[in-house]
Amino acid sequence: MPPVAAAFQPDLVVLNANVITVDDDQPRAEAFAIHQGKFIAVGSNQELQPLAKHAQQRLDAKGKTILPGFNDAHLHPRELYEETHLRGTVDIGPASVSSIEELVAKLKRKAPLVPEGLWIMGGRYEDTKLGRHPTRHDLDKVSTTHPVSIRHSSGHLAVYNTYALEMAGVDAKTPNPEGGAFDRDPDGFPNGVAREKASGMISRAGPKLPEPGRSERIQALDRCLRAYLSKGVTSIGDAGASPSKLRMYQEVQYAGNPIRISLMIRDRHLDAVEAIGIQQGFGDEYLRISAIKVFHGNSLSGRTCWLSEPYETVNPVTGEKDYFGIPPARSQEDLDTLIKRIHDAGLQAAVHSNGDREIPMVLDAFERAMQQSSRPDPRHRIEHCSVVNEAILDRIKALGVVVAPHSYIHEHGDKMIAYGRWRWARMHANRSFIDKGIPVAQNSDSPVSVCDPLLRIQSMVTRASAEGQVFASSQRVTAEEAIETWTLGGAYATFEEDTKGSISKGKLADFVILHEDPTQVDPFKIKDIQIESVYIAGQSALR
Ligand SMILES: [Zn+2]
């Protein structure tokens, strides 16, 4: 007699869970079954019992909470792994130094280890935590025989010592470059703080950094992606990729890294993308090209973004009142041309834009491109979209644009002080976006804020900084809403809402098991919830 072969054997059945599905048809469940990497049934313990009987593997969740895997829709793995693993950049963020004296002392300890004439570099300083930006006069105490550069946490400005400025031939007569500015001493000589495009002018003039070997880079990238996985992140959007990065990610995946990756290719590589002739959606469920990344505007946390009403603070360069930020380097006409080209190529545009004077330019460009050649649902994106008003919200909604706003008030609430309390309710406007029905794809913009979705969700729910100050409680969202922006929201942004982002029958079986329910705990303790395990395509993704 043949063995009992008739009964269907799912790969895995999970029972006794508190499942937050992020599926409106069935918001909560107790159990689900997985076969060949997908959810094949979601329901009550009783409903799943017959499948559980024959399952290859059964998991009793013992009442723990299960969510869809998190999707960090915009981050920068390269910056993180190159800085911390490959270039020996000294961490001078607020967790490491709390004063300018400590910052100088920490960098100075590095000096004997670096050959003279080569860069000493520091990363992620925060002027608001230090009381001011360090200047070249501070960094000259680190070394007068090395170029020294330190980068602001926003990534949009840097400070150099006198050696580095002289090496670049910058002096009192050097004008500010288009789209950038030098802060200056009273005699007109730059004081070392270089904003936006001014920073690249100096770093490019310095000694070339040693290029790490290929296998070293791939190992470092793998470590970086595994750090994301350990935080429950099963999908990421690389917001600054190049075609060569595609190959690196492929190698990382061949070596066994299971994380799902979408690439936003920088616009300077648009020729290459057009030459291959691919359009939006190219790739598979592990690795795809999702968008073309464009910069139009400056930094929110660096306080260089262009505003329609002035900052509360004076112009940091000239000391004058009525500082509106730094205008984007590109004209409206050039932006229109670029966006039209992306749109006509059948690609999605993902445009970095923060200030409420930059964003309307982006919306104008989207509108013109969409009017000239209609394409069903191009779903263009605005990355950050930090300062808004009613007119901007209405236009975003009307154009079907996706936004990828910040959720970093926990770390960077203090950066909002320069914008004025009256403006806080129009910043990082997650509540307004959701109320308008605008799709939100949440993200860490790591390393700008840490890739840790539970901390980011807490920040959205509380609108509180680590120091406990609340920045416009009117923009708070519920934990359920925040979870949706961290799961289904990211899937929607890459046109993958039908295949992932919720625990629903037929979707990819990516999920995370938590020790507590983020919708039930004290909102100020969401970040402390322990992650028990992370699954991608029904397989444990942590090792
Ligand atoms: Zn970014």
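The model shown is predicted, which means the values in this text are computed figures rather than measured ones.

Engineer: Explain the overall build of the protein chain to me, please; I cannot follow it from the model alone.
Structural biologist: For the protein chain, the helix and strand inventory stands at 18 helices and 23 strands. Taking 2.2 N^0.38 as the reference for a compact globule, 543 residues should give roughly 24 Å; the C-alpha atoms of the protein chain span a radius of gyration of 24 Å, in line with that estimate. Each of the three principal axes of the protein chain carries a C-alpha extent, and together these read 95 × 55 × 50 Å. Taken across its 543 residues, the protein chain has 50% of its residues classed as buried. If you take every contact in the protein chain between residues at least 6 apart in sequence, the share linking residues at least 24 apart comes to 72%.

Engineer: Whenever I open this one, unusual backbone geometry confuses me. Can you help?
Structural biologist: Residues apart from glycine generally show negative phi values, whereas peptide bonds are mostly found in trans. Here the residue pair Ser-446 and Pro-447 is connected by a cis peptide bond, since its omega of 10 degrees sits within 30 degrees of zero. Its place among the elements puts Pro-447 in the loop between helix H15 (430–436) and helix H16 (453–462). The residue Arg-124 is not glycine, and still its phi comes out positive at about 70 degrees. With respect to the helices and strands, Arg-124 occurs in strand S10 (residues 120–125). A positive phi angle is found at Phe-495, which is not glycine, with a value near 60 degrees. Its location among the elements puts Phe-495 in the loop between helix H18 (488–493) and strand S21 (511–514). Looking at Phe-495, the number of C-beta atoms within 10 Å reads 18, which means it is partly exposed.

Engineer: Looking at this structure, how should I read the domain arrangement of the protein chain?
Structural biologist: For the protein chain, the assigned domains read domain 1 (12–63), domain 2 (71–76 + 216–540) and domain 3 (88–205). Between the C-alpha centres of domain 2 and domain 3 there is a distance of 28 Å.

Engineer: Help me out: how do you make sense of the sheet that holds strand S4 (residues 31–35) in this one?
Structural biologist: Hydrogen bonds along the backbone pair up the strands of a sheet, which may run parallel or antiparallel. The four strands lie next to each other as S5-S4-S1-S6, forming an open sheet whose pairing is mixed. Where the open sheet ends on each side, the last strands, each with one partner, are strand S5 (38–43) and strand S6 (57–60). The mean angle between the axes of side-by-side strands here comes to 15 degrees, regardless of whether they run parallel or antiparallel. One ladder, built from four bridges, connects strand S1 (residues 12–15) with S6; its direction is parallel. Opposite Leu-12, over in S6, you have Gln-57 as the bridge partner. Lying over the sheet, helix H1 (residues 45–54) contacts S1, S4, S5 and S6, oriented at roughly 150 degrees with respect to S1.

Scoring rules and cut-offs
- Once a new chain begins, its residue numbering starts again from 1 and follows that chain's sequence as written.
- Per-residue local features of the predicted model are confined to residues with pLDDT of at least 70, and side-chain atom pairs are confined, for both listing and counting, to 80 or more; whole-chain, interface and lining totals are unaffected and use all residues.
- Elements are defined by DSSP. Helices are runs of H or I of four residues or more, strands are runs of E of two residues or more, and each kind is numbered from the N terminus.
- Restricting the calculation to C-alpha atoms gives the radius of gyration, and the globule rule supplies 2.2 Å times the number of residues raised to the power 0.38.
- With C-beta atoms placed from the backbone, a residue is labelled by how many other C-beta atoms lie within 10 Å of its own: buried for 20 or more, exposed for 12 or fewer, partly exposed between the two.
- We call two residues in contact whenever the C-beta atoms placed from their backbones are within 7 Å.
- As annotated, the domain borders come from an automatic or database domain assignment.
- In this description, strands pair whenever DSSP reports at least two bridges between them.
- To get an axis, fit a line to the C-alpha atoms, keeping to the stretch in contact for a helix; angles then go from 0 to 180 degrees between the N-to-C directions.

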